[in-house]
Amino acid sequence: MADRRPADVRIRPATGADLPAIAAIYNHAIRHTAATWDLEEETVESRRVWWEAHCRAGLPVLVAERPGLGVVGWGSLSPFNPKPGWRFTVENSLYVAPDQRGQGIGRRLLEALIAEARALGMHSVIAAIDGGNEVSLRLHRRLGFVEAGRLREAGWKFDQWHDAVYLQLLL
Ligand SMILES: CC(C)(COP(=O)(O)OP(=O)(O)OC[C@H]1O[C@@H](n2cnc3c(N)ncnc32)[C@H](O)[C@@H]1OP(=O)(O)O)[C@@H](O)C(=O)NCCC(=O)NCCS
């Protein structure tokens, strides 16, 4: 299959200067999609608290950057559960700016997050995906994630119930 990936995408760790772009991309998804079940938009300051917690925990927040466009997507690994027995399991998040989707950027970010998880000695990565998010389900399956469970009608957003599908990648 032809490689659709834009050659000029650079994946790198986020810095504090990226937080406005990260918040803007996430807030668009909060407003317009059920990809996240957050309902209130984030501020740059609330994203700073989140980013600093990742830095302290040694967990990655990555951005995808394109020349002339700046940050066009971001992804992160977060603790799946704060109890210490869960420390080798992380949850991934992945968001691409709306006008940049469908070009392979999400895939590049997810590949980078998987590489980071391996480098950190993690054993498993979990994605909690809205049951209607076919693009994300497909992307994660393409990279080896398998369905581990479905919570039916666990979320309420945009006046309807949503299933949560848990996909897992064992490293
Ligand atoms: C999900 C998301 C991160 C994927 O990133 P992306 O850059 O758009 O995805 P890619 O271009 O890397 O494509 C990944 C796969 O999805 C497919 N895909 C992408 N856009 C698609 C679309 N609009 N319709 C159908 N399939 C699509 C691609 O064909 C590709 O599959 P393939 O490798 O089998 O060809 C991005 O669409 C997004 O930010 N969506 C809103 C937020 C979200 O859903 N985040 C995930 C929360 S779990």
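Below: a short report on this structure. (Residues numbered from 1 in each chain as written. Predicted model: local features only at pLDDT ≥ 70, side-chain atom pairs only at ≥ 80, totals over all residues. Heavy atoms only, no water.)

### Section: the pattern of salt bridges
Phase 1: If you walk through the whole model with that rule in mind, you get 10 salt bridges.
Phase 2: With a shortest N-O distance of 3.3 Å, Glu 111 and Arg 107 are connected by a salt bridge. Taken as a pair, Glu 111 and Arg 107 lie in helix H3 (residues 105–119) at a separation of four residues, close to a single helical turn.
Phase 3: For Glu 111, a relative accessible area of 27% corresponds to the partly exposed category.
Phase 4: We classify Arg 107 as partly exposed; its relative accessible area is 25%.
Phase 5: With a closest N to O distance of 3.2 Å, Arg 141 and Glu 147 form a salt bridge.
Phase 6: Residue classification places Arg 141 among the partly exposed positions, given a relative accessible area of 40%. (Salt bridge = Lys/Arg side-chain N within 4 Å of Asp/Glu carboxyl O. Helix = DSSP H or I, 4+ residues; strand = E, 2+ residues; numbered from the N terminus. Buried < 20%, exposed > 50% of the residue type's maximum accessible area, 1.4 Å probe, protein only.)

### Section: unusual backbone geometry
Phase 1: One non-glycine residue, Phe 158, lies in the positive phi region at around 55°.
Phase 2: Even without being a glycine, Asp 159 presents a positive backbone phi close to 65°.
Phase 3: On the secondary structure map, Asp 159 appears in the loop between strand S6 (146–157) and strand S7 (160–170).
Phase 4: Among the residues examined, Asp 159 registers a relative accessible area of 68% and is labelled exposed.

### Observations regarding the site of the ligand
Phase 1: Leu 94, Val 96, Gly 104, Gly 106 and Asn 133 are the nearest of the 19 residues found near the ligand.
Phase 2: Between Asn 133 and the ligand, the recorded distance is 2.7 Å, taken from a side-chain N or O atom to an oxygen atom.
Phase 3: Between the ligand and Arg 142 there is a distance of 2.9 Å, counted from an oxygen atom to a side-chain nitrogen or oxygen.
Phase 4: Only strand S4 (89–96), H3 and helix H4 (134–142) provide two or more residues apiece to the shell around the ligand. (Near = heavy atom within 4 Å. Polar contact = N/O pair within 3.5 Å; in protein donor to acceptor, adjacent residues only side chain to side chain.)

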